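What the coordinates show
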Amino acid sequence: MAQKPSIPKGTRDFLPIDVAKRNYIFSTIRNVFEKYGFNPIETPSFELSSTLLGKYGEEGDRLIFRILNSGEKVRKADLEALAADNLPKFANSLAEKALRYDLTVPFARFVVQHQNELSFPFKRYQIQPVWRADRPQHGRYQEFYQCDADVVGSDSLLHEIDLVFILDEVLSAFHLPGFTIKINNRKILSGIAEVCGELEKIVDITVAIDKLDKIGEEGVVQELTNRNISSSAIELIKPLFQLSGNNEQKISFLTDYLKNSEVGKQGIQELETVINSVEEIGLSKGILEFDVTLARGLNYYTGAIFEVKAHDVQMGSICGGGRYDDLTGLFGMRGLSGVGISFGADRIYDILTTLNLFPSDLEKGIRVMFVNFGNTESKAAYKLVYDLRKNGISAELYPDSVKIQKQMKYANDTKVQFVALLGKSELDSQSVQVKNMHSGEQSQLSWSELTTFFNK
RNA sequence: GAGGUUGUAGCUCAGCUGGUUAGAGCGCCGGAUUGUGGUUCCGGAGGUCGCGGGUUCGAACCCCGUCUUCCUCCCCA
């Protein structure tokens, strides 16, 4: 009856070493978040379906994991909807809860619900898993961690600037060989659509030009045509494809390009403020690049848009973010602006693994393991173990009196730093042999010297 | 959600046009070394060939279904 065990697609198990690596990522991010004044919160893994559905667009809804109603609640199934072939409505009637799809929408819900307990601007960070019913691929999982930092209740561009520095500081701390922080502004995209006389088609236009580096100029033109963008508008959009040079040059081009669009001009001004402020102080290792084709997350972003790509490695974006002026409006709280970023911990994990960038000391085992020589000796050894632990030194006694070789091998495999041998002769002289497993060096110490030795 | 691709020992992979007892390296276990790991030498164990059907005298190999892997779309961290 023994069936071969397995886990669902797009999920992974984590061995101790994997967890150590992931904790290294989390703590690096957490330290920077806290340095910039963000406080941690947590929200449930699952929310009411109504909280999540409709917030990520049609495509997003499809990727939300639903939790099937149980018990008597299965009776709530809307059979009429099924009969009418209205599958989405039927599906919604089957599941009134769903696993969270990201951390931003639950955060918006959280802010609205706890508005009277929070001081604004409210700066929170959140490191928790999210779930997407996506088709797994390289760097995409159905369960993965996001590490978010958001500010709500302040329009100040200072936050955008802070967030750029957070991105730079965290990724620099990982020793990535290089990375580009791409920045754009939704208002610039609106301005482009407006200037082209296709303001209503902003989503179509931006989705198409977002693919420029992937499908090339011709592909984008084709895509624009397919999306019913007029050829005159396409002609107006075309110059953007050739946009090159440094940030300053691009900005100056767009300043002229958008001179007849109020919203566009505002976008330029915001972008310029952020870029100039960042450049004045300077990034550590990242490159800040204005990219007009960057158009992610159009469902709720209204101002700055961020995305980070690591150099020298094939991987989708490792961070994303932006400003959303009315996210809490969806939950009935208007006039509250938010801006935030999200680190994709699992993608960063994969990149650090590929580039061999994890610190080597993550695998460090306990400080000292006592070899078990049998009842009499281990009794004395255990007293010493207990004493070491009382002094804050991690220690253990091998549980069974088996062959020394086997015990040494266990110590070696688990990266024990020192092995202590306390056999018959050591018992007689109240001493232990202490072996440094890294250097192989061995010395004899009296019992009273042990704590001092390991406290060094 | 659409199309393609992959699955053989714990891991990485061989396995001829379908043909007897399915192989290697690494790892694991044991011994050389019953008070010394990481190196070396010797020996050993370990496989429902992803799963379920089908074709065939005969299937790891061919066909169908299913799950999984990776890839391209879609979308995204």
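The structure contained in this document is the topic of the report that follows. (Residues numbered from 1 in each chain as written. Chains lettered and ligands numbered in written order. Predicted model: local features only at pLDDT ≥ 70, side-chain atom pairs only at ≥ 80, totals over all residues. Heavy atoms only, no water.)

1. So, the side chain of Arg-124
Here Arg-124 is to be found in strand S5 (residues 122-131). One polar contact links the side chain of Arg-124 to the main-chain carbonyl oxygen of Leu-103, over a distance of 3.2 Å. Among the polar contacts listed, one links the side chain of Arg-124 to the side chain of Gln-126, at a separation of 2.9 Å. Excluding residues within four positions of it along the chain, Arg-124 makes contact with Phe-38, Asn-39, Ile-41, Leu-103, Phe-107, Asp-148, Ala-149 and Asp-150. (Helix = DSSP H or I, 4+ residues; strand = E, 2+ residues; numbered from the N terminus. Polar contact = N/O pair within 3.5 Å; in protein donor to acceptor, adjacent residues only side chain to side chain. Contact = heavy atoms within 4.5 Å.)

2. Some thoughts on the environment of Phe-90
Residue placement: Phe-90 occurs in helix H5 (residues 87-94). A relative accessible area of 16% means that Phe-90 is categorised as buried. Beyond its immediate chain neighbours, meaning those up to four positions away, Phe-90 contacts Ala-77, Asp-78, Leu-79, Ala-81 and Leu-82. (Buried < 20%, exposed > 50% of the residue type's maximum accessible area, 1.4 Å probe, protein only.)

3. Considerations on the sheet that holds strand S12 (residues 368-370)
Neighbouring strands of a sheet are bound in pairs by backbone hydrogen bonds; such pairs are parallel or else antiparallel. Pairing within the open sheet is mixed, and its five strands lie in the order S13-S12-S14-S15-S16. Looking along the sheet, the strands with just one partner apiece sit at the ends: strand S13 (395-397) and strand S16 (442-446). Strand-to-strand twist in this sheet, taken as the mean axis angle between neighbours without regard to direction, amounts to 25 degrees. Pairing of S12 with strand S14 (residues 418-421), which is carried by three bridges, proceeds in the parallel orientation. Bridge assignment links Val-368 to a residue of S14, and that residue is Phe-418. (Pairing = 2+ DSSP bridges. Axes fitted to C-alpha atoms, helices over the stretch in contact; angles between N-to-C directions.)

4. Remarks on the packing of helix H1 (residues 16-35) against helix H14 (residues 345-354)
The interhelical angle for the contact between H1 and H14, taken along N-to-C directions, is 115 degrees, at an axis separation of 10 Å. For the element pair H1 / H14, the angle class is roughly perpendicular. Seen from above, H1 lies across H14 with right-handed handedness. On the side of H1, the interface is formed by Asp-18, Lys-21, Arg-22, Tyr-24, Ile-25 and Phe-26, while H14 contributes Ala-345, Asp-346, Ile-348, Tyr-349, Leu-352 and Thr-353. Its residues assigned to classes, the contact of H1 with H14 shows seven nonpolar, one polar and four charged. (Parallel < 35°, antiparallel > 145°, perpendicular 65-115°, else oblique. Left-handed = near helix turned anticlockwise from the far one by under 90°. Nonpolar A, V, L, I, M, F, W, Y, C, P; charged D, E, K, R; others polar.)

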